[in-house]
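# A look at the structure
Each chain, letter by letter, is given below.
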Amino acid sequence: MILGFIGADHEVTGSCHYLNVNGKHILVDYGMEQGRNYFENAPLPVSPAEIDFVLITHAHIDHTGNLPLLFKNGFRGRILATPATEALCQIMLRDTAHIQMTEAEWKNRKAQRAGLPLVEPLYTMDDAVGCLKLFETVDYLEKRSLSEGITVRFIDVGHLLGSASIEFWLEENGVRKKIVFSGDIGNTDKPLIRDPSYVDDGDYAVMESTYGDRFHLKEQVDHAKELASIMQETFDRGGNVVMPAFAVGRTQELLYFLRKIREEEMIKGHPDYEVWVDSPLALEATEVFKNNLLDCFDTETQELVRAGINPIAFRGLRTAVTAEESKAINFLQNPKVIISAAGMCDAGRIRHHLKHNLWRQDSTIVFAGYQAEGSLGRFLQDGAEKVKLFGEEIEVHAKLAMMKDMSSHADQDGLVRWITSFKKQMPSQVFVVHGDNEVTDSFCALLKEQHGIHAEAPYSGSLYDLAAGQWIRKTEGVPIVKESAARRVANAVFERLLNSVTRLRRVAEANQGGTNKDLARFADQIDALSDKWSR
């Protein structure tokens, strides 16, 4: 009965944890690392072909993005998730595969021009489609037996549509243990989805700590009023409101607020304003939200649905699917809100809308989510006067605004509330994961010193014996040594040299049968070149 730590250990992304029970190999999430990585991840303890089950806490790519890679490398087991998570994965994993293939194609065009070796995408659309066929859905609160001695249950954790904590009841060689994986714990009083549910007992808990050192505002923000004020000021100036937003989750929250703004006629003097959603992925995700209105939404939203009101649709809502429709938005003269991905402005159609609006003093760029260090969104937030988009330098004259406290993550108080809800049986050991290096350690210290909870933050590669209650192996973090730009260039140039040598051999073989005089001259030229560069 072994617990293994693979990904998102002293890091925030790339979530992956491993269980070995009664000879069955189980993964909880298999996510893609995003942004900067600080530590090396240990390999899976067994080959992908030996994995029997993968259980998914929610659909975000840092929890699911490597599933197609697992399939590519031989996995043919079962993937379990809530119905809403499965529906979101159907669109998100296809989208990620498309990105992998598009990026590889772009890199290969550059490589061919430079005489460099071609690259393969991390995985293809076929790999994504293949792994999606392995999904099975499990309803909230349904107990599901996976195998002898292994039973699981998914609990709504309020982070994203379909998100869950997962309870495992395990029995091996007469020893029974319960372990709970928190998944990403949601914030409270958010639109659309329910507040987190809590678990009250367990022998062990693996819990996230993303916001383990942060606090949300004590007073609840009226986001509809906040956004309406920005829209009113911008429309009065004659400009557009441009909102970078993640396609899944954040876009639907914004539509909820915008419906309220339209319904309550909070914008004065601009009756013809439109709201454009310009993201094919966001449109597909919005359909998933609509199809799960009663299964996953909070009481307030369900009351709207029962009254015949779609909580994320309203008069003046427009959608752009094709590239031509997207481009046409910027030539419309009426006041408008443009919601487009990606949320940090590093890719997607949002960059086109920024190109058309950043230089305008009358427009406003509204950030409704965290902007990571190094992203275009962060550069803008930090006061960049100029940015480069599509090879063109754009001066920043638009007004920038930040919506307050929009996070879907529980803050420190919310995390403590989750773990202290184990009233019947407090876990004897809490494993703190899914947080920055310093945050995981400081949150462990908080749990120990203020709440008397035994907590540790293991590094990737650590193994724990759940039956015996002791460590099999505790590793130290292995920092990733970042290769310098100069070193990368040097390696690429050397690779080009080796490719030239290979080409020379092919040319030599093609000259077989030539005249002795020509072959001798060719050999002399090669020998002279070799003598020149011999070291």
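Residue indices follow the written sequence of each chain, beginning from 1 at its first position. pLDDT decides what is reported in this predicted model: residues at 70 or higher carry local features, side-chain atom pairs at 80 or more are listed and counted, and totals for whole chains, interfaces and linings draw on all residues regardless. Each side-chain value is worked out from all heavy atoms of the structure, with water and hydrogens disregarded.

## With respect to the overall build of the protein
- Counting secondary structure elements, the protein contains 16 helices and 23 strands.
- Radius of gyration here is computed from C-alpha atoms only, and the compact-globule reference equals 2.2 Å multiplied by the residue count raised to the power 0.38. Against the compact-globule benchmark of 24 Å for 535 residues, the protein has a radius of gyration of 27 Å, which places it among compact chains.
- With the C-alpha coordinates of the protein rotated into their principal frame, the extents come out at 90 × 70 × 40 Å.
- Two residues qualify as a contact provided that any one of their heavy atoms is within 4.5 Å of a heavy atom in the partner residue. In the protein, once contacts between residues fewer than 6 apart in sequence are set aside, the share between residues at least 24 apart is 73%.
- About 25600 Å² of surface is accessible on the protein, with carbon and sulfur atoms providing 50% of the total.
- Charged side chains in the protein number 60 positive and 76 negative. The centres of these two groups are separated by 5 Å. Secondary structure elements are taken from DSSP: a helix is a run of H or I of four residues or more, a strand is a run of E of two residues or more, and numbering for both begins at the N terminus. In these tables, accessible area is a Shrake-Rupley quantity obtained with a 1.4 Å probe, and a residue counts as shielded only by the protein chains included in the view. Asp and Glu count as negative and Lys and Arg as positive, but His and the ends of the chain are not part of the count. Charge positions come from single atoms, namely NZ of Lys, CZ of Arg, CG of Asp or CD of Glu.

## So, the pattern of salt bridges
- Definition used for salt bridges: Asp or Glu carboxyl oxygen within 4 Å of a side-chain nitrogen of Lys or Arg. In total, this model carries 24 salt bridges according to the counting rule given.
- Among the ionic pairs, E392 bridges to K355, the shortest N-O distance being 3.5 Å. You can see E392 sitting in strand β18 (residues 392-395) and its partner K355 sitting in helix α11 (residues 350-357), a full 37 residues away along the chain.
- For the exposure calls, accessible area comes from a 1.4 Å probe over protein chains only, and a residue counts as buried if that area is under 20% of its type's maximum, exposed if over 50%, partly exposed in between. Using a relative accessible area of 27% as the deciding quantity, one classes K355 as partly exposed.
- Notably, a salt bridge pairs K474 with E456, separated by 2.7 Å at the nearest N-O pair.

## Focus on the packing of aromatic side chains
- Under the pairing criterion, centres of Phe, Tyr and Trp rings, with the six-membered ring standing for Trp, must be within 6.5 Å; the plane angle then separates stacked pairs below 30 degrees from edge-to-face pairs above 60, leaving the rest tilted. Per the counting criterion, the structure on display carries 13 aromatic pairs.
- Seen in terms of ring centroids, Y204 and Y464 are 5.6 Å apart; in terms of plane orientation they differ by 75°. Their pairing is edge-to-face. Residue Y204 is found in strand β11 (residues 204-208), and its partner Y464 is found in strand β22 (residues 463-465); the two are separated by 260 residues along the sequence. Y464 carries the same exposure label as Y204, and that label is buried.
- Residues Y256 and F257 carry aromatic rings whose centres are separated by 6.0 Å and whose planes lie at 80° to one another, so their mutual orientation is edge-to-face.
- Y256 sits in the buried class, given a relative accessible area of 8%.
- Three or more aromatic residues joined by ring pairs form one cluster here, namely F5, Y204, F431, Y464 and W471.
- Over the ring of F71 we find R76, and its NZ or CZ is 3.7 Å from the ring centre.
- We call a charge positioned over a ring when the NZ of a Lys or the CZ of an Arg lies within 6 Å of the ring centre and within 35 degrees of the ring normal. The lysine or arginine in question, K143, covers the ring of W169, its NZ or CZ lying 4.0 Å from the ring centre.

## Topic: the side chain of S408
- With respect to the helices, strands and loops of the structure, S408 is situated in the loop between β19 (399-402) and α13 (412-419).
- Under the relative-accessibility criterion, S408 is labelled buried at 16%.

## Some details on the layout of surface pockets
- In this analysis the probe radius is 1.4 Å and the grid spacing 1 Å, with only protein atoms considered; a cavity is a set of points the probe fits into but cannot get out of, a pocket is an open set with protein on both sides within 12 Å along at least five of seven lines, and lining residues have an atom within 4 Å of a point. Grid points are joined across faces, edges and corners, and a volume is the space filled by probe spheres set on the points. Here the second largest pocket is characterised by a volume of approximately 750 Å³.
- Along its surface, the second largest pocket is lined by 33 residues, and T188, D189, K190, Q220 and V221 are the ones closest to its centre.
- Listed by contribution, the elements that provide at least two residues to the lining of the second largest pocket are α5 (223-237), α6 (250-263), α9 (299-306) and α13.
- Top contributing element to the lining of the second largest pocket by residue count: α6, with five residues.
- Here the lining of the second largest pocket is built from residues that sort into 10 nonpolar, seven polar and 16 charged. Side-chain classes follow a simple rule in which Ala, Val, Leu, Ile, Met, Phe, Trp, Tyr, Cys and Pro form the nonpolar group, Asp, Glu, Lys and Arg form the charged group, and the remainder, Gly included, forms the polar group.

## Observations concerning the sheet that holds strand β8 (residues 150-156)
- What the seven strands build is an open sheet, ordered β7-β8-β9-β10-β11-β20-β21; its pairing is mixed. Among the strands making up the open sheet, the edge pair consists of β7 (144-147) and β21 (455-456).
- Strands pair, by our definition, only if DSSP identifies at least two bridges between them. Relative to β21, strand β20 (residues 429-433) runs parallel, the two sharing two bridges. When the sheet's bridge partners are listed, F431 is paired in β21 with E456.
- Angular values range over 0 to 180 degrees, each being the angle between N-to-C directions of two axes fitted as lines to C-alpha atoms, with helices fitted over their stretch in contact. Against the sheet, α13 contacts β9 (164-172), β10 (175-181), β11 and β20, and its axis sits at roughly 165° relative to β11.
- Along the sheet face, helix α14 (residues 437-451) touches β11, β20 and β21 and points at about 155° away from the line of β20.

## Brief notes about empty space enclosed by the protein
- Scanning the model with the defined rule gives two cavities of 30 Å³ or more in all.
- Quantified by volume, the largest cavity comes out at close to 110 Å³.
- What lines the largest cavity is a set of 15 residues, among which S15, H17, D29, G183 and V433 lie closest to the centre.
- Top element by residues in the lining of the largest cavity is β11. It accounts for three residues.
- Counted by class, the lining of the largest cavity contains five nonpolar, seven polar and three charged residues.

## Digging into α9
- When we look at burial in α9, the residues that qualify are T301, Q302 and L304. Along α9, the residues classed as buried sweep out an arc of 155° about the axis, all on the same side. Facing away from the buried surface of α9 by more than 90 degrees, the exposed residues are T299, E303 and R306.
- Taken from the residues just after α9, G308 is the one with a positive phi, measuring 85°. Think of it as the arc spanned by the lines of direction from the helix axis to the C-beta atoms.

## Considerations on the sheet that holds strand β15 (residues 336-340)
- Across the sheet, which stays open at both edges, the six strands sit in the order β14-β13-β15-β12-β16-β19 with parallel pairing between neighbours. Each end of this open sheet is capped by a strand with a single partner; those strands are β14 (317-319) and β19. Strand-to-strand twist in this sheet, taken as the mean axis angle between neighbours without regard to direction, amounts to 20°.
- Looking at chain direction, strand β12 (residues 241-244) and β15 are connected through four bridges and run parallel. Along β15, the bridge assignment pairs V242 with I338.
- Running over the sheet, α5 touches β12, β15, β16 (364-367) and β19 and is turned about 135° from β12.
- Contacts between α11 and the sheet are confined to β12, β13 (274-278), β15 and β16, with β12 contributing the most and set at about 150° to the helix.

## Some details on the packing of helix α3 (residues 83-114) against helix α4 (residues 125-132)
- At their nearest, the axes of α3 and α4 sit 8 Å apart, and the two run at 160° to each other. Considering their axes alone, α3 and α4 lie roughly antiparallel with respect to each other. Our pair here, α3 against α4, has a crossing hand that is right-handed. Of the residues in α4, those touching α3 at C89, Q90, L93, R94, A97, H98 and M101 are M125, A128, V129, C131 and L132. Oblique is the label for any angle not covered by the other classes, which are roughly parallel (under 35 degrees), roughly antiparallel (over 145) and roughly perpendicular (65 to 115). Put simply, a crossing is left-handed when the front helix is turned counterclockwise from the back one by less than a right angle, and right-handed when it is turned clockwise.

## Brief notes about the nonpolar core
- If you look at the biggest cluster of nonpolar residues, it comprises 104 residues, and the most contacted ones within it are L3, L55, L88, F168, M231 and M243.
- It is α3 that provides the largest number of residues to this core, a total of seven residues.
- When neighbours within four sequence positions are excluded, L3 is seen to be in contact with Y18, L19, I179, F181, V206, F431, S462, L463, Y464 and L466.
- If you look at the next biggest cluster of nonpolar residues, it comprises 22 residues, including I155, W418, I419 and C444. In this description, a nonpolar core means a group of buried Ala, Val, Leu, Ile, Met, Phe, Trp, Tyr and Cys residues linked to one another through side-chain atoms lying within 4.5 Å.

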